[in-house]
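Working through the structure, step by step
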Amino acid sequence: QVQLVESGGGLAQAGGSLRLSCAASGRTFSSAAMGWFRQAPGKERDIVAAISRSGANTYYADSVKGRFTISRDGAKNTVYLQMNSLRPEDTAVYYCAAFSTKTPFYGANYCYTDQSEYGYWGQGTQVTVSS
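Structural notes, computed from the coordinates. (Residues numbered from 1 in each chain as written. Predicted model: local features only at pLDDT ≥ 70, side-chain atom pairs only at ≥ 80, totals over all residues. Heavy atoms only, no water.)

1. Section: the sheet that holds strand E3 (residues 18-25)
- If you walk across this open sheet you meet the four strands as E1-E3-E8-E7, and the pairing is antiparallel. Because the sheet does not close on itself, it has two edges, and the strands there are strand E1 (3-7) and strand E7 (68-73). Taking the axes of each pair of neighbouring strands and ignoring which way they run, one obtains an average angle of 15° across the sheet. (Pairing = 2+ DSSP bridges. Helix = DSSP H or I, 4+ residues; strand = E, 2+ residues; numbered from the N terminus. Axes fitted to C-alpha atoms, helices over the stretch in contact; angles between N-to-C directions.)

In structure tokens, the structure reads:
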């Protein structure tokens, strides 16, 4: 059974940086395609970034392009989200997610971008950006 443990959330000033980590355990999805999502109060959960199983391909929401970077360390089964130039509107609960086996597998270089394609979720970590 896959377990996702998030860390690195907290409080940052506008223009500052944070790095989120998601450590995946469990044999089946320890090297699966991964994604970061966020949900702000009163809003739906939206994708922030995604990375293919191989790490070769990434996807970013328009609102974070040029500011956020997703990466992974396969040896440590860990996915990172480096967040730079933070804005107050980045304030949200951030969730780490892993690819679901119900989703067709399109290869190690494919990047899954829809939350319905993910079946395993962390409990979320709060990111708060002050102005």
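Now that the structure has been shown, the text picks up again.
2. Brief notes about the pattern of salt bridges
- With the rule as written, the count across this model stands at three salt bridges.
- The partner of Arg38 in a salt bridge is Asp90, with the nearest N and O atoms 3.0 Å apart. One end of the pair, Arg38, is in strand E4 (residues 34-39); the other, Asp90, is in the loop between strand E8 (78-83) and strand E9 (92-99), and 52 residues separate them in sequence.
- For Arg67, the salt bridge goes to Asp90, with nearest N and O atoms at 2.8 Å. (Salt bridge = Lys/Arg side-chain N within 4 Å of Asp/Glu carboxyl O.)

3. Here's the deal with the side chain of Thr78
- Considering the arrangement of structural elements, one finds Thr78 in strand E8.
- Leaving out residues up to four positions away in the same chain, Thr78 has contacts with Ser21, Cys22, Ala23, Ser71, Arg72 and Asp73. (Contact = heavy atoms within 4.5 Å.)

4. Some remarks on the side chain of Thr103
- Note that Thr103 resides in the loop between E9 and strand E10 (118-121).
- A distance of 3.1 Å separates the side chain of Thr103 from the backbone oxygen of Glu117, its partner in a polar contact.
- Apart from residues no more than four positions distant in its own chain, Thr103 is found in contact with Tyr112, Ser116 and Glu117. (Polar contact = N/O pair within 3.5 Å; in protein donor to acceptor, adjacent residues only side chain to side chain.)

5. A few points about the layout of surface pockets
- Looking at the largest pocket, its volume works out to about 200 Å³.
- Lining the largest pocket are 14 residues; nearest its centre among them are Arg38, Lys43, Asp46, Ser63 and Glu89.
- Mapped onto the lining of the largest pocket, the elements with two or more residues apiece are E4 and strand E5 (46-51).
- Looking at the lining of the largest pocket, the element that brings in the most residues is E5, giving three residues.
- A class-by-class count of the residues in the lining of the largest pocket yields four nonpolar, two polar and eight charged. (1 Å grid on protein atoms, 1.4 Å probe; cavity = no way out; pocket = protein on both sides within 12 Å on 5 of 7 lines; lining within 4 Å. Points joined across faces, edges and corners; volume = space filled by probe spheres on them. Nonpolar A, V, L, I, M, F, W, Y, C, P; charged D, E, K, R; others polar.)

6. Looking at the packing of aromatic side chains
- Tallying each qualifying case throughout the model produces eight aromatic pairs.
- Their ring planes at 80° and their centres at 5.4 Å tell us that Phe37 and Tyr118 sit as a pair that is edge-to-face. Placement of the pair is Phe37 in strand E4 and Tyr118 in strand E10, with a sequence separation of 81 residues. Residues Phe37 and Tyr118 agree in their burial class; the two are buried.
- Taken together, the ring pairs connect Phe99, Phe105, Tyr106, Tyr110 and Tyr112 into an aromatic cluster.
- For Arg45, the ring lying beneath its charged end belongs to Tyr95, and the centroid distance is 6.0 Å.
- Its end group placed over the ring of Trp121, Arg45 keeps NZ or CZ at 3.8 Å from the ring centre. (Phe/Tyr/Trp six-rings, centres within 6.5 Å; stacked < 30°, edge-to-face > 60°. Buried < 20%, exposed > 50% of the residue type's maximum accessible area, 1.4 Å probe, protein only. Lys NZ or Arg CZ within 6 Å of the ring centre and 35° of its normal.)

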